[in-house]
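# Observations on the model geometry
Chain residues, written in single-letter form:
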Amino acid sequence: MSAPVLQLAGVTRDHRQGEATVQALRGVDLTVSPGELVAVMGPSGSGKSTLLHLAGGLDTPTAGRVVVEGRDLAELSAAQVAAVRRRSVGYVFQDLNLLPSLSAVENVALPLELDGVRGGMARRAAREALEEVGVGALAGRFPDEMSGGQQQRVAIARALVGPRRLLLADEPTGALDSTTGEEVLRVLRARCEAGAAGVLVTHEARHAAWADRVVFLRDGVVVDQSGPAAVAESLLPAGGAG
Ligand SMILES: Nc1ncnc2c1ncn2[C@@H]1O[C@H](COP(=O)(O)OP(=O)(O)O)[C@@H](O)[C@H]1O
Ligand SMILES: [Mg+2]
């Protein structure tokens, strides 16, 4: 078996809220291998976003280990963690944050250029990523010249551009119509088939049905890990598979 892309081992994350401590995650173990797409489901406040932040090196655990492509993030400098984020992690947020003064292709090329990829190559990769999410024709448009759904596709292209091996998506279909949402899931799935590891937070069973496994969180604890998306599929109405 190939080495995992992501390993969480005994991961706990406490947040101070005034006098109280909120345990957003408590002793979570999760391993995601190349080729795997894992869905994370659970009620609001169960720790799903915290899990993704930790996996992407945007937050640090109170206890436990986060290992990305064999590197324990706690053993890296801040600059090294930033490099892992730029090169290895594709992070699709709900919040779009496209830069308004850059065109679609410039927005998508930006993470590569920040990582030292030359302009021409970065733009070529950016165009490919825009094609992949079906907005190749909008490369020259600025964010305010696109619909919300188109902007979100550009944000997804930016998150996926280049050879990233860990794809983290936090309810990526939230602002999309259902056809576009499915297309984004198809792109995630295809990237995983090509060797990436994916973690998809979703509250919709028909989206989780795209995953190989479903992990259920409740109050920061993994309460169930089901196999080949069987549980999610069993929640679908008859004949309603995605
Ligand atoms: N920065 C923070 N400061 C304080 N509490 C937080 C912070 N981030 C998350 N929490 C708390 O941690 C818990 C899990 O939050 P979150 O991971 O956002 O859940 P989910 O994404 O499943 O809705 C919630 O109780 C939330 O209020
Ligand atoms: Mg969340």
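First, a word on scope: everything that follows refers to the structure included in this document. As the structure is a prediction and not an experimental result, all values here were calculated from the model. (Residues numbered from 1 in each chain as written. Chains lettered and ligands numbered in written order. Predicted model: local features only at pLDDT ≥ 70, side-chain atom pairs only at ≥ 80, totals over all residues. Heavy atoms only, no water.)

### A closer look at the site of ligand 1
Contacts to ligand 1 come from H15, Q17, V22, A24, P43, S44, G45, S46, G47, K48, S49 and T50. H15 has a polar side-chain atom sitting 3.3 Å from a nitrogen atom of ligand 1. A distance of 2.7 Å separates an oxygen atom of ligand 1 from a polar backbone atom of G45. The protein chains hide 62% of the 560 Å² of surface that ligand 1 would expose on its own. Breaking the shell around ligand 1 down by element, the ones donating at least two residues are β1 (6-17), β2 (20-32) and α1 (48-55). The greatest single-element share of the shell around ligand 1, amounting to 3 residues, is contributed by α1. Of the residues that constitute the shell around ligand 1, the class distribution is 3 nonpolar, 8 polar and 1 charged. (Near = heavy atom within 4 Å. Polar contact = N/O pair within 3.5 Å; in protein donor to acceptor, adjacent residues only side chain to side chain. Areas by Shrake-Rupley, 256 points an atom, 1.4 Å probe, with all protein chains shown as cover. Helix = DSSP H or I, 4+ residues; strand = E, 2+ residues; numbered from the N terminus. Nonpolar A, V, L, I, M, F, W, Y, C, P; charged D, E, K, R; others polar.)

### Concerning the packing of helix α3 (residues 104-114) against helix α5 (residues 148-160)
Helix-helix packing: each pair is described by the crossing angle between the helix axes and the interaxial distance. The geometry of α3 relative to α5 is characterised by a closest axis approach of 8 Å and an angle of 25° between their N-to-C directions. As summarised for this structure, α3 and α5 are arranged roughly parallel, according to the angle between their axes. For the element pair α3 and α5, the recorded crossing hand is right-handed. Side by side, α3 and α5 meet where A104, N107, V108 and P111 of the first sit next to V154, A157 and R158 of the second. Its residues assigned to classes, the contact of α3 with α5 comprises 5 nonpolar, 1 polar and 1 charged. (Axes fitted to C-alpha atoms, helices over the stretch in contact; angles between N-to-C directions. Parallel < 35°, antiparallel > 145°, perpendicular 65-115°, else oblique. Left-handed = near helix turned anticlockwise from the far one by under 90°. Contact = heavy atoms within 4.5 Å.)

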